[in-house]
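Below are the chains, spelled out letter by letter.
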Amino acid sequence: MATALRCFRHLPSLLYRPAFAMVRGQPQAPAGCPALPLDGCRLCVHQLLLTRQLATKKAKGKGQTQAKVNISAALVEDIINLEETNEDMQAVVEALKEDFSRNLSVRTSPGALDHIIVVTKDGKFPLNQLGQISQKSPQLIVVNMASFPESTAAATKAIRECGMNLNPEVDGTIIRVPIPKVTREHRENLAKLAKQSTNKSKEALRKVRSKSVNQVKKFKSKVSEDTIWLLEKQIQQMADSAAAEMDKLLAAKTKELLG
């Protein structure tokens, strides 16, 4: 019995040795780390390996998800700014929210026309910078182009092609925009536009993710494979979280539009 206990006492050290042997390039100890310079940051290496083991362990049974990777930004700030990456992804989500709010409403209001982009010979401008927009009745919006009469035709074209099912009528420098009746077909068209906008936003999100992953891969020769793998995993988790948020926005907007 005593012999068995003595053998068991050495078991933890035996378990840790293979883990450190797996690491081909140990990261340098960060500021304040108690590890010896010649040994590398053994504490940090073990933490990284443990995180990877948790993240890659297959979930048992259906409905279970993999453990999340969470790397300290301070440990990898020389490789990539994870906070900036997350902010870029959230900016794509916020842009989708704004698009839904401005352009995809069952009831067309003067504010919905404000940010329609008008292409003129002098450049691109929001409609509200070229004309005065007002609602004359529940069924009619009027755009007065007296300040920039030369842009009346371009503004009319922009309103017609904005995707809100509007058919403007021109009278001199006055653009009358009848508000379409809220039909089932109109609701379904708006829901399709919401889906298209979401797909475009997801494509923009993928570009942010790819840019960040490529940035990390530039350091393959300078840091361990485990660090690269963990960073790529965390970037992917950020992208998955943003995409899930977009799906929720789309589901809520579709429910609102279809009633």
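For clarity, every value in this text was computed on a predicted model and none was experimentally measured.

**Looking at the overall build of the protein chain**
Okay, step 1: A count of helices and strands for the protein chain gives nine helices and six strands.
Okay, step 2: Residues classed as buried in the protein chain amount to 32% of the 259 residues present.
Okay, step 3: In the protein chain, the proportion of contacts linking residues at least 24 apart, taken out of those at least 6 apart, comes to 61%.
Okay, step 4: Of the roughly 16600 Å² of accessible surface on the protein chain, a fraction of 53% belongs to carbon and sulfur atoms.

**What to know about the confidence of the model for the protein chain**
Okay, step 1: Scored by pLDDT, the protein chain comes out at a mean of 78, with 69% of its residues at no less than 70.
Okay, step 2: Ignoring residues within four places in sequence, the model shows residues 1-63, a span with pLDDT below 50, making 47 contacts including any to other chains.

**Some remarks on the packing of helix α8 (residues 184-217) against helix α9 (residues 225-258)**
Okay, step 1: Where α8 contacts α9, the two axes come as close as 10 Å, and the packing angle between them is 170°. Between α8 and α9, the crossing angle belongs to the class labelled roughly antiparallel.

**Digging into a negative patch on the surface**
Okay, step 1: Negative charge collects at one region of the surface, where E83, E84, E87 and D88 lie side by side.
Okay, step 2: Looking at the secondary structure, you find E83 in helix α4 (residues 82-103).

**Looking at the pairing of strand β6 (residues 174-178)**
Okay, step 1: The side-chain alternation of β6 yields one buried face, formed by I175 and V177, and one unburied face, formed by I174, R176 and P178.
Okay, step 2: In terms of strand pairing, strand β4 (residues 140-144) meets β6 through five bridges, oriented antiparallel. Bridging from a neighbouring strand, V142 pairs with R176 of β6.
Okay, step 3: Bridge count between strand β5 (residues 169-171) and β6: three bridges; the pairing is antiparallel. If you follow V170 over to β6, its bridge partner there is I175.
Okay, step 4: Between β5 and β6, which pair antiparallel one after the other, the connecting turn spans two residues, and G172 there sits at a positive phi close to 70°.

**Topic: the environment of D240**
Okay, step 1: Positionally, D240 belongs in helix α9.
Okay, step 2: A residue is classified by how much of its surface remains accessible, and D240, at 43% relative accessible area, is partly exposed.
Okay, step 3: Separated by 35 residues in the primary sequence, D240 and L205 have C-alpha atoms spaced 9.5 Å apart.
Okay, step 4: Within polar-contact distance, the side chain of D240 engages the side chain of Q236 at 2.8 Å.

**Here we look at the pattern of salt bridges**
Okay, step 1: If you walk through the whole model with that rule in mind, you get seven salt bridges.
Okay, step 2: E188 is the partner of R184 in a salt bridge, and the nearest nitrogen-oxygen pair spans 3.6 Å. Residue R184 and its partner E188 are both found in helix α8; the two are separated by four residues, about one turn of the helix.
Okay, step 3: Judged by its relative accessible area of 37%, E188 falls in the partly exposed class.
Okay, step 4: Linking K202 and D247 is a salt bridge whose minimum nitrogen-to-oxygen distance equals 2.6 Å. On the criterion of sequence distance, the pair formed by K202 in helix α8 and D247 in helix α9 is long-range, its members being 45 residues apart.
Okay, step 5: Classification of D247 as partly exposed rests on a relative accessible area of 35%.

**Quick notes on the nonpolar core**
In globular proteins that are soluble, nonpolar side chains generally tend to be buried together.
Okay, step 1: In terms of nonpolar packing, the biggest core is built from 29 residues, with I79, I80, L82, M89, V216, L231 and I235 touching the most fellow members.
Okay, step 2: Every element with two or more residues in this core is listed here: α4, α8 and α9.
Okay, step 3: Element by element, the count of residues in this core is highest for α9, at ten residues.
Okay, step 4: I79 has contacts with Q215, V216, F219, V223, T227 and L231, leaving out every residue within four places of it along the chain.

**Notes on the sheet that holds strand β3 (residues 132-137)**
Okay, step 1: The sheet built from four strands is open, its strands ordered β3-β4-β6-β5 with antiparallel pairing. One side of each edge strand has no neighbouring strand; the edge strands of this open sheet are β3 and β5. Taken pair by pair, the neighbouring strands of this sheet meet at an average axis angle of 25°, ignoring direction.
Okay, step 2: Against the sheet, helix α7 (residues 152-160) touches β4, β5 and β6, its axis set at about 10° to β6.

**A word on α7**
Okay, step 1: Within α7, burial applies to T152, A155, T156, A158 and I159. On an axial view of α7, the arc spanned by its buried residues comes to 165°, and they lie on one face.
Okay, step 2: For α7, the elements touching its buried residues are β1 (117-120), α6 (127-130), β4, β5 and β6.

Quick notes on the rules
Every chain is numbered on its own, with residues counted from 1 as its sequence reads. In keeping with the predicted nature of the model, local features appear solely for residues at pLDDT of at least 70, side-chain atom pairs appear and are counted solely at 80 or more, and the whole-chain, interface and lining totals rest on all residues. As a convention, hydrogens and water are excluded, and side-chain values are obtained from all of the structure's heavy atoms. Only DSSP runs of H or I reaching four residues or more are called helices, and only runs of E reaching two or more are called strands; each is numbered from the N terminus. Throughout, exposure labels follow a simple rule: accessible area from a 1.4 Å probe, protein chains only, divided by the maximum for the residue type, with under 20% read as buried, over 50% as exposed, and the rest as partly exposed. Note on definitions: a residue-residue contact is assigned when non-hydrogen atoms from the two residues lie within 4.5 Å. Residue exposure ignores everything except the shown protein chains as possible cover, and the areas themselves are Shrake-Rupley values with a 1.4 Å probe. pLDDT is defined as a per-residue confidence score from the predictor, taking values between 0 and 100. Axes, fitted as lines to C-alpha atoms, cover a helix only where it is in contact. Angles between the N-to-C directions of the axes lie from 0 to 180 degrees. Any angle between 65 and 115 degrees counts as roughly perpendicular, while under 35 counts as roughly parallel, over 145 as roughly antiparallel, and the rest as oblique. Patch members must show over 30% relative accessible area and no salt bridge, and they are joined within 9 Å when carrying like charges or within 5 Å when they are nonpolar side chains of Val, Leu, Ile, Met, Phe, Trp or Tyr. Put simply, a salt bridge is a Lys or Arg side-chain nitrogen that is within 4 Å of an Asp or Glu carboxyl oxygen. Positive charges come from Lys and Arg alone, negative charges from Asp and Glu alone, with His and the N- and C-terminal ends not counted. A single reference atom marks each charge: NZ on Lys, CZ on Arg, CG on Asp, CD on Glu. What makes two strands pair is DSSP finding at least two bridges between them. Any pair of N or O atoms that falls within 3.5 Å is considered a polar contact. Within protein, one atom must be able to donate a hydrogen and the other to accept it, and sequence-neighbouring residues count only if both atoms are side-chain atoms. Each nonpolar core is a collection of buried residues, namely Ala, Val, Leu, Ile, Met, Phe, Trp, Tyr and Cys, held together in the definition by side-chain atoms within 4.5 Å. To be clear, the arc concerns the directions from the helix axis to the C-beta atoms.

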